[in-house]
Amino acid sequence: MKRRDAIFDRLALKEKLFINQQMRNLGALHSELQKIEDMRQKLSYMAADSAPKTEEQTAFTLRSSAELNYQIRDQLETASNRSDHLSEELKFMRQKIALSDRRREKSASKAEQIRRTNRDEREARREQVERAYVNQQKEIEKAEQLINRFRAKASKNSRWYS
């Protein structure tokens with residue numbers, strides 16, 4: 001049965017390796033999310049700065065201002081969508097890590113339970129062998145006492161033959 005606990009130990013180790021890999025991926029996604037959030041913030045500031053001015057402008061400046069505003073808003077929407085997607089991905093990855101951690105804990109506890117059961121069985125067998133040894137020694141002692149009691153003695157022997 002030693003192999004069963006080793007199997008559960010290996011399963012726990014496999015889950016631990018998976019968790020470590022997912023944690024590295026989680027770190028990369030988190031840093032990317034931070035970059036996107038910074039970009040969103042900068043784009044928001046740029047959109048606020050590019051608000052239409054109240055002074056007189058030519059058609060060319062109005063058109064270029066509108067085009068720039070459109071591009072900023074488009075980039076802002078793209079960054080927002082990307083941020084939402086990364087947030088969902090992070091949430092999913094955290095759930096995956098939590099599930100894997102529960103499986104690792106379950107495998108480790110199962111391995112420990114098997115080891116504990118094996119240890120208890122060994123102790124029970126050892127106690128049973130010790131009790132059998134003690135009983136055997138008692139039987140040997142009784143047999144020796146019986147033999148010594150009915151052993152032929154010289155004093156009785158000489159009476160018998162005289």
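For the structure itself, consult the block above.
Here's a quick rundown of the structure. (Residues numbered from 1 in each chain as written. Predicted model: local features only at pLDDT ≥ 70, side-chain atom pairs only at ≥ 80, totals over all residues. Heavy atoms only, no water.)

1. Some remarks on the overall build of the protein chain
Inference 1: In terms of helices and strands, the protein chain carries three helices and zero strands.
Inference 2: Reading the helices (α) and strands (β) of the protein chain from amino to carboxyl end gives α-α-α.
Inference 3: Taking all 162 residues of the protein chain together, 16% fall into the buried category.
Inference 4: Long-range pairs, those at least 24 residues apart, make up 94% of the contacts in the protein chain with a sequence separation of at least 6.
Inference 5: Total accessible area on the protein chain stands at roughly 13500 Å², and carbon and sulfur atoms take up 54% of it. (Helix = DSSP H or I, 4+ residues; strand = E, 2+ residues; numbered from the N terminus. Buried < 20%, exposed > 50% of the residue type's maximum accessible area, 1.4 Å probe, protein only. Contact = heavy atoms within 4.5 Å. Areas by Shrake-Rupley, 256 points an atom, 1.4 Å probe, with all protein chains shown as cover.)

2. A few points about a negative patch on the surface
Inference 1: On the surface, Asp-120, Glu-121, Glu-123, Glu-127 and Glu-130 cluster together into a patch of negative charge.
Inference 2: With respect to the secondary-structure elements, Glu-123 resides in helix 2 (residues 59–149). (Patch = residues over 30% accessible without salt bridge, like charges linked within 9 Å, V, L, I, M, F, W, Y side chains within 5 Å. Salt bridge = Lys/Arg side-chain N within 4 Å of Asp/Glu carboxyl O. Lys, Arg positive; Asp, Glu negative; His and termini not counted. Charge placed at Lys NZ, Arg CZ, Asp CG, Glu CD.)

3. A few points about the side chain of Ser-107
Inference 1: The residue Ser-107 is located in helix 2 in this model.
Inference 2: For Ser-107, a relative accessible area of 11% corresponds to the buried category.
Inference 3: When sequence neighbours within four positions are dropped, the list of residues in contact with Ser-107 reads Phe-8, Leu-11 and Ala-12.

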